[in-house]
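Below are the chains, spelled out letter by letter.
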Amino acid sequence: MICLLFGPPGSGKGTQAELLTAALGVPHVSTGDLLRAEAAAGTALGRGVAPLLAAGELVPDELMQQVLEQRLRAPDAARGAILDGYPRTVRQARALDACLARTGRRVDVVLVLGVDETTLIGRLVHRAAEQHRADDNPASIAERLAGYRQLTEPVIDYYRGKGVPVLEANGTGDVDTVHRRTVRALESAGVA
Ligand code: AMP
């Protein structure tokens with residue numbers, strides 16, 4: 001089961017992906033979390049990507065593909081994963097599809113969390129105060145929102161064009177309400 005979770009920054013992807021691990025029986029794989037862990041540990045990779053993370057800019061595709069492929073090779077991902085933050089560009093989507101095809105797998109379902117821009121900005125400002133994420137500042141927030149609209153939304157159309165089920169869930173509301181909507185969407189498509 002390979003489930004891709006899409007939604008703009010602040011749409012609650014990380015929180016909802018964690019909650020969906022039980023429903024789908026596969027781990028949550030967040031490329032942002034993987035990179036932040038590398039940066040916090042001060043590894044060579046982490047030191048290299050830290051300035052990009054802080055500016056809300058994308059890490060180069062080749063590097064991202066390596067990070068993701070290594071994570072998907074871990075035993076806990078043998079049955080699949082909920083991917084959060086990857087693929088972010090059509091180029092990454094093609095690389096992911098090629099990687100999955102090598103092991104006879106493919107993307108099974110795409111789930112999109114929809115949240116309006118005013119709510120998103122409010123949530124990101126709140127998260128900045130609570131979590132002190134380097135990229136939760138106004139300039140980086142604007143960069144990440146623009147990147148999502150320009151580069152990542154086309155990935156959803158790319159999968160739709162390939163005939164992969166694209167499910168949408170309203171991401172506005174409290175965590176449990178949104179979780180129930182995501183489970184209902186996955187159930188209606190027969191994947192949860
Ligand atoms: P996220 O936690 O998904 O918002 O990701 C935080 C940051 O990590 C992004 O702003 C990028 O700098 C970097 N990042 C995460 N995933 C990717 C990806 N698939 N491609 C390029 N950069 C990424």
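Remember, predicted model here, so these are calculated numbers, not experimental data.

Q: Can you walk me through helix H4 (residues 61-72) in this structure?
A: Residues separated by three or four positions in an α-helix point in the same direction, a consequence of the helix having 3.6 residues per turn. Here H4 spans 16 Å end to end across 12 residues, near enough to the 16 Å set by a 1.5 Å rise per residue. Of all the residues in H4, the buried ones are Asp61, Met64, Gln65, Val67, Leu68, Glu69, Arg71 and Leu72.

Q: What should I look at first to understand the side chain of Thr31 in this one?
A: Examined against the element boundaries, Thr31 turns out to sit in helix H2 (residues 31-41). For Thr31, a relative accessible area of 2% gives the class buried. In this structure the side chain of Thr31 is engaged in a polar contact, spanning 3.1 Å, whose partner is the backbone oxygen of Gly85. Not counting the four nearest positions on each side in its chain, Thr31 is found in contact with Met64, Leu68, Asp84, Gly85, Tyr86 and Arg88.

Q: Would you take a moment to explain unusual backbone geometry for this structure?
A: Generally, phi is negative for residues other than glycine and the peptide bonds are trans, each holding for most cases. The linkage connecting Tyr86 with the following residue, Pro87, adopts the cis geometry, with an omega of 0 degrees. Following the sequence through the fold, Pro87 ends up in the loop between strand S3 (81-84) and helix H5 (90-102). If you check the backbone angles, His132 has positive phi at about 55 degrees while not being a glycine. Along the polypeptide, His132 turns up in the loop between helix H6 (117-131) and helix H7 (138-161). We classify His132 as exposed; its relative accessible area is 64%.

Definitions and limits used
- Residues numbered from 1 in each chain as written.
- Predicted model: local features only at pLDDT ≥ 70, side-chain atom pairs only at ≥ 80, totals over all residues.
- Heavy atoms only, no water.
- Helix = DSSP H or I, 4+ residues; strand = E, 2+ residues; numbered from the N terminus.
- Expected span 1.5 Å × (residues − 1).
- Buried < 20%, exposed > 50% of the residue type's maximum accessible area, 1.4 Å probe, protein only.
- Polar contact = N/O pair within 3.5 Å; in protein donor to acceptor, adjacent residues only side chain to side chain.
- Contact = heavy atoms within 4.5 Å.

Everything listed is a geometric property; what it means functionally is a separate question.
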